[in-house]
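# Close look at the chain arrangement
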6 protein chains.
Amino acid sequence: MSLDAYRIETEPFFHAVGNEIAQFEAAHADRLPMMLKGPTGCGKTRFIEHMAWRLGKPLVTVSCHEDMTASDLVGRYLLEAEGTVWQDGPLTRAVREGAICYLDEIVEARQDTTVVIHSLTDDRRILPLEKKGELVTAHPDFHLVISYNPGYQSVLKDLKESTKQRFCAIDFTYPDAATEAAIVARESGVDAATAAILIRIAARSRNLKGSGLDEGASTRMVINAGKLMARGVTLGEACRIALVQPITDDPDIRDALSNAIAACA
Amino acid sequence: MSLDAYRIETEPFFHAVGNEIAQFEAAHADRLPMMLKGPTGCGKTRFIEHMAWRLGKPLVTVSCHEDMTASDLVGRYLLEAEGTVWQDGPLTRAVREGAICYLDEIVEARQDTTVVIHSLTDDRRILPLEKKGELVTAHPDFHLVISYNPGYQSVLKDLKESTKQRFCAIDFTYPDAATEAAIVARESGVDAATAAILIRIAARSRNLKGSGLDEGASTRMVINAGKLMARGVTLGEACRIALVQPITDDPDIRDALSNAIAACA
Amino acid sequence: MSLDAYRIETEPFFHAVGNEIAQFEAAHADRLPMMLKGPTGCGKTRFIEHMAWRLGKPLVTVSCHEDMTASDLVGRYLLEAEGTVWQDGPLTRAVREGAICYLDEIVEARQDTTVVIHSLTDDRRILPLEKKGELVTAHPDFHLVISYNPGYQSVLKDLKESTKQRFCAIDFTYPDAATEAAIVARESGVDAATAAILIRIAARSRNLKGSGLDEGASTRMVINAGKLMARGVTLGEACRIALVQPITDDPDIRDALSNAIAACA
Amino acid sequence: MSLDAYRIETEPFFHAVGNEIAQFEAAHADRLPMMLKGPTGCGKTRFIEHMAWRLGKPLVTVSCHEDMTASDLVGRYLLEAEGTVWQDGPLTRAVREGAICYLDEIVEARQDTTVVIHSLTDDRRILPLEKKGELVTAHPDFHLVISYNPGYQSVLKDLKESTKQRFCAIDFTYPDAATEAAIVARESGVDAATAAILIRIAARSRNLKGSGLDEGASTRMVINAGKLMARGVTLGEACRIALVQPITDDPDIRDALSNAIAACA
Amino acid sequence: MSLDAYRIETEPFFHAVGNEIAQFEAAHADRLPMMLKGPTGCGKTRFIEHMAWRLGKPLVTVSCHEDMTASDLVGRYLLEAEGTVWQDGPLTRAVREGAICYLDEIVEARQDTTVVIHSLTDDRRILPLEKKGELVTAHPDFHLVISYNPGYQSVLKDLKESTKQRFCAIDFTYPDAATEAAIVARESGVDAATAAILIRIAARSRNLKGSGLDEGASTRMVINAGKLMARGVTLGEACRIALVQPITDDPDIRDALSNAIAACA
Amino acid sequence: MSLDAYRIETEPFFHAVGNEIAQFEAAHADRLPMMLKGPTGCGKTRFIEHMAWRLGKPLVTVSCHEDMTASDLVGRYLLEAEGTVWQDGPLTRAVREGAICYLDEIVEARQDTTVVIHSLTDDRRILPLEKKGELVTAHPDFHLVISYNPGYQSVLKDLKESTKQRFCAIDFTYPDAATEAAIVARESGVDAATAAILIRIAARSRNLKGSGLDEGASTRMVINAGKLMARGVTLGEACRIALVQPITDDPDIRDALSNAIAACA
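None of the values given here were measured: they were computed from a predicted structure. (Residues numbered from 1 in each chain as written. Chains lettered and ligands numbered in written order. Predicted model: local features only at pLDDT ≥ 70, side-chain atom pairs only at ≥ 80, totals over all residues. Heavy atoms only, no water.)

## Some details on the UniProt feature "domain: CbbQ/NirQ/NorQ C-terminal" (unreviewed entry) in chain A
We count it as follows: UniProt positions are given in the numbering used here, feature names are shortened, and annotations may be inferred rather than shown by experiment. Runs of H or I in DSSP of at least four residues are treated as helices and runs of E of at least two as strands, each being numbered from the N terminus.
Taken from the UniProt record, the annotation "domain: CbbQ/NirQ/NorQ C-terminal" (unreviewed entry) applies to residues 180-263 of chain A. Across residues 180-263 of chain A, the secondary structure splits into 71% helix and 0% strand, with the terminal C-alpha atoms separated by 20 Å.

## With respect to the interface of chain C and chain B
What counts, and what does not: Throughout, a contact is declared for two residues whenever any of their heavy atoms are within 4.5 Å. Throughout, the accessible surface (probe 1.4 Å) given up by two parts as they are put together, summed over both, is called the buried area. When a carboxyl oxygen of Asp or Glu is within 4 Å of a side-chain nitrogen of Lys or Arg, the pair counts as a salt bridge.
Listed as interface residues are 39 residues of chain C and, on the opposing side, 47 residues of chain B. Taken over both partners, the interface formed by chain C and chain B buries close to 3,800 Å², and the fraction arising from carbon and sulfur atoms is 50%. For the chain C face of the interface with chain B, the top three residues by lost area are C:Glu130, C:Glu161 and C:Gln165, together amounting to 18%. If you look at where chain C meets chain B, you find four salt bridges. Here C:Asp30 makes a salt bridge to B:Arg231, at a shortest N to O gap of 2.9 Å.

## Details of the domain arrangement of chain A
As a measure of interface size, the accessible area lost when the parts come together is often cited. Residues and elements named next belong to chain A. Quick note on the threshold: Domain start and stop positions are those given by an automatic or database domain assignment. What qualifies as a polar contact is a pair of N or O atoms within 3.5 Å, subject to a donor-acceptor requirement within protein and to the restriction that residues adjacent in sequence count only when both atoms come from side chains.
In terms of domains, chain A is made up of domain 1 (4-171) and domain 2 (177-264). A C-alpha centroid distance of 32 Å is found between domain 1 and domain 2. In this complex, domain 1 contributes eight residues to the contact, which on the side of domain 2 involves eight residues. Approximately 690 Å² of surface area, both sides summed, lies buried where domain 1 meets domain 2, with 53% of it carried by carbon and sulfur atoms. Taken as a group, Phe-13, His-15 and Gly-41 account for 63% of the area that domain 1 buries against domain 2, more than any other trio of residues on that side. Put simply, domain 1 and domain 2 have one salt bridge between them. The residue Arg-46 makes a salt bridge to Glu-187 at a minimum N-O spacing of 2.9 Å. Where domain 1 touches domain 2, the interface holds one residue pair in polar contact (both at pLDDT 80 or more).

## Re the arrangement of the chains
A gap remains between chain C and chain E, with no contact made and the closest C-alpha atoms lying 10 Å from each other. Note that chain D does not reach chain F: the shortest distance linking a C-alpha of one to a C-alpha of the other is 10 Å.

## Some points on the interface of chain D and chain C
At the interface, 39 residues of chain D touch 47 residues of chain C. When chain D packs against chain C, close to 3,800 Å² is buried across both sides, 50% of that on carbon and sulfur atoms. When the buried surface of chain D facing chain C is broken down by residue, D:Glu130, D:Glu161 and D:Gln165 rank first, second and third, together holding 18% of it. Taken together, chain D and chain C are joined by 10 residue pairs in polar contact (both at pLDDT 80 or more).

## Remarks on unusual backbone geometry
Positive phi values are uncommon outside glycine, yet D:Glu105 reaches one of about 50 degrees. Summarising the element assignment, D:Glu105 is placed in the loop between strand S5 (100-104) and helix H5 (111-116).

## Comments concerning the relation of the copies chain C and chain B
We apply this condition: To superpose the copies, least squares is applied to the C-alpha atoms of every residue with a pLDDT of at least 70 in both.
Under the fitted operation, chain C is carried onto chain B by 0.2 Å of movement along the axis and a turn of 60 degrees, and the coordinates agree to an RMSD of 0.1 Å. On this basis, the relationship between the two copies can be described by a six-fold rotation axis.

## Side note on the relation of the copies chain D and chain C
For these two chains of identical sequence, chain D goes onto chain C by a turn of 60 degrees and a shift of 0.2 Å along the axis, with RMSD 0.1 Å. In this assembly the copies use different faces: only 3% of the residues contributing to the interface of chain D also contribute to that of chain C.

## Some details on the sheet that holds strand S2 (residues 59-63) of chain A
Sheet strands pair by backbone hydrogen bonding; their relative direction is either parallel or antiparallel. Residue and element names in this part refer to chain A. To keep it simple, the criterion reads: If DSSP finds at least two bridges between two strands, the strands pair. In this analysis, axes come from line fits to C-alpha atoms, helices being fitted only over the stretch in contact, and the angle between any two N-to-C directions falls in the range 0 to 180 degrees.
Reading across from one edge, S2-S5-S8-S1-S9 is the order of the five strands in this open sheet, with parallel pairing throughout. Sheet topology places S2 and strand S9 (168-171) at the edges, where each strand pairs with a single neighbour. Along the sheet, successive strands turn relative to each other by an average axial angle of 20 degrees, direction set aside. Bridge count for strand S1 (residues 34-37) against S9 is four bridges, and the pairing is parallel. Its bridge partner lying in S9, Met-34 is registered against Cys-168. Its contacts with the sheet put helix H1 (residues 20-29) on S1, strand S5 (100-104), strand S8 (143-148) and S9, and the angle it makes with S8 is roughly 135 degrees.

Put into structure tokens, the structure is as follows:
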């Protein structure tokens, strides 16, 4: 079971905002553990897919969650007819075979998953499989990358300081309006003028962040609106379906967003 | 084990209130993940059954609950005589074979179930079976749909913002009185006049929402009352059994509802 | 393993207070899901046993509790010598073979058990065995009935509104004094005069409900007192053992009940 | 595996305080479920052992605790070489073979254990083994008895009202001083005068209940002090070791108890 | 697998402070359950080892902890090639074969472990193996001993009153200065003068208990300091490493202890 | 499976600040249990690797975490074709074969892991494998070492006093500026002048500890910044990526750190 299925064949579209590509390449050269920081839907996942393609490395992505344990990452024994058989988890496979391992929102996982990566993030670069009694030395190509959304953390749920200090970090945010409109036009199929209108509406939504909205409309949501319009849905309906109704049920916020749609159309 | 048992042979009755059918068809054309929003018993489940019939796709429905884990959706290893055997869960079957997968009230499930759908809701459209070490690429016909009842969410139990932003949303509510009466007459077997009386009583009940009732009588409850009457139960008894006693024990609310029944009869 | 052991051979004694038998028969004709509401020991279990006997249907009763899971109702895999074997739970057996399934105090069970019945309570009448990958269509005779004690529910522990709305409900309460005395005489073996005295004492006890007692003496407790008297225990001792000591340790309430016993004797 | 090991061959010493033996015999004649109420160490366990001996029935005693589940009472599947084999739990064995089953402090157990006994405590007298799909009808000799310490219950941890109402109850308390001294002399081997002194000290301890002690010295503790004296330990040391040091570390209470010992010696 | 490995061959050094040896022997003669009370590191474990040696009995010691269950004490089924095989836990082995069983800090364990010992601590002296369906009668030599640190208990975590009352208790505390210095010199290898200095420093530390320190330096810690000095570490460094740094990070307390070291040196 | 893979072949670089090497050697001579105390990234792990190399002992390191149980340390039964087989955990292997066992941040683990080491930290030096019924006597070379970060402990999560008292402790902190600059130059490849600048920036960061930062930049983070510069990243970008963005999202703190970078460059 090689990692070839985890190689990305075609270039994922990514529009750089700053030096993030060169910065990541420098960190990758020394395999410095990386943290990609930024809000939902601003392109962190796309960036790591682009970098994996650019660097020609397989990419093992794991979406972390509250019930994820170290065993889900590292591996476990399975009972086969001839007895128990060890099965490597996705992290162990990436460590052994030399992939970029991307742990998406690792802060969601239980503490044991964050501790299990400690010995991979200092100069030891080893992964102890304690249940198997094996010490795996990382393949020279193994590179650990995690994502982190600053807006979601709380006192109760945050990376431990001793984990944070093991990573370099690159900040991500929404691109500027012209760039984002170009992305929306390219990915949804609407024309440039329509994309610009949708971006103006999204900007209004983002201004409401903290005044009733937890987060404004992401680039992904604007692309969804564009796709609905490309299928013949009107601007107003498309914005309500893709930008408003998924994220709020508050009548006042819905009104404010409806006005924004009307004002921008 | 094909999904043919999950195909809907006969048209489920659905009375559209607005453009919801066209909107869903547009979203379905691009397989945009959909969220159906609205109160209990207003027809969300009937709508998705109707759309699955209309689009000729198998429909895999999963009622989510607090103890549901990612394994319940994705699959697990079973121990057979010849060792452990992987068994796809309902989501994986829908992903592999190209069904509409309807996750009813996904917010009830544990967090790991909401994270597991993330990679299915962006352009990757893949489902990693981490315990099996397999990446399942979604069948082109796979379409993910969830339901969401805004009245039930709380700070402690809500979809994460990063999940909400991955969906388009259509709002559902009760139909207008004439439409609802037609539905009640059709489904319960009472005549139009009786159905209209029952709808007037239900409207009174809905007006009490927030003043002692968590929710008013749903269309489904009115149909139940109609069915009892079609079996010979009196209007008063049928309304008490089907519309009042199931949802409240408060003497004042019961009195108010009794008065409403008397006034409408 | 057929359900014949679940058929009730001899008529369980039930003394109707109102139209509950006809109402239940009307609901049963359309298999409308039923909720039996009322306080402890007033005859809900006896009623459903009577109706199962009257309708000639097997009755599968499940006493729900805090640790009950959906698997306890639906079934699970057991490991046999030849590998894992699926074993239907009591609900699945009732669904497949057409029994009345009575879930006693379902509100006690974990949330997954209440969600598992949802698809059985609308017009789908199906039970998805998600772990087995099977959709069970309900036998035409399957009828779902639950009990619900309004005095026990709290904000933290109640049926979800979306569950309540799926049921019709019949209210149960204690019978009038003459009826209850007849029941007590019949079931305990004491004479009519003694039964009447015991019922007067029970009435005093029920008046204390809310003033120090969570619930007054149920019909079942009065029968217990009668049985002790039929074995030679004095009225005072029998009432203390069967009506007072089991339900309160508060000296004032015990005094009040002792006075009631003395006054009625 | 018969229940003969659970028969009590020699008469356990029990000194009746009131009519408890006749009351229990009356309840036993109809197999009315019994609750023995009273503080720690006052003789509830000895009473049920005495009654089991007197009635010639095997006695299955289960000490309940927080982690006890219904399976611990009812039974479970064990994996044997030839597959899974059902093993009856202690309650099921008592139900099948006709023993007195004594559930000591059942309120400590999880809720599912209290619900599992419900169908054994009304006229059904059946025990559904839901995991096995079997309905066990109780042996005519089966009799259910539970203990309950009123001093320990709290709002959070108490029997449900619907459970309490299924039982008759007998109160237990400490015997009068002369009786208790006779018991202490008999069981510890000290002479009557010494036993009387020890009982006076215990009475002082019981007076401190609520003023710094959760409970005063039980009869069992006084017997322990007597046994130490019979082995040559002085009165003061024996009382400190058996009556004071086990139950309090508070210097003031210890002083008060020391004074009591000095005053009575 | 006999308990010979649990016999103590050479006399463990124990310096009695009072009558504790005679008191324990009197309790042991009747196998009265014993509780050893006192602060950390004052010699409770050494005492029970000494008594086991003195009485010529094997000693089974179990360190209790939060996750310990009754099965860890009593035993469990293991799956072997020929099916499941019962394996006695340490308590069961001690009960069957007649050892002293020392449950260290039993209050740390889950409630089920404290209940499991109840029937071993009254005149029944039986251990029901409920999962195995066996009643083990204790070997005449079986003696149950537990330890209890009064400084650690809280309202949330304490032995139940009904458990405490089943035990006799002996108090332990630090020995007087001369005795303790003799112990330190003997066990660490430092001369008497150095031992006396170390004890004076420890006395200062113990005076800070409650004023910033949870507990003062135990005898064990003083022995550690002595051992470091015997290896050439200076008095100041040895005291900081063994007496100060392990138990406090508070700068003021550290200063106070440094002053104490300087003053005593 | 010998512990040879756990031997450290080449000298790990360690720059001593005080007498810590001699102190550890003295403690090691008597195998006194050691606690290494200090903040994240100041060299505790490097120190123990250096000492293991210096003393020629294998080093078994276990990163503790919230979900770690005693079984993870001690061992467990695995199901093999011929039945269950015991597998030693990492602690047991170190105890049997005579390694230094380093439990990193043991306070993170569940309580049972801290209790399991108690009998290894007094003169018994035994490890009871309770599930296996085996008493393992420690190899003479076995030495137990734990790490402890004083900045992380809280009332809710700290070592028990009875555990702390079993250890000697050595304090660790950041080295002085010249030493740290030498370390940074050596490990990252930047020249001495650049290293000195980076250390000045780190010093500013450490001054912010308690005024908005939980901890200042560790030596490890400064080395990361140096590595990025050695790959061509500018000083400003390298500091932001390695020293600022991983540990804070607070705009004011980020400004303060940016000013510090500008001031030092």
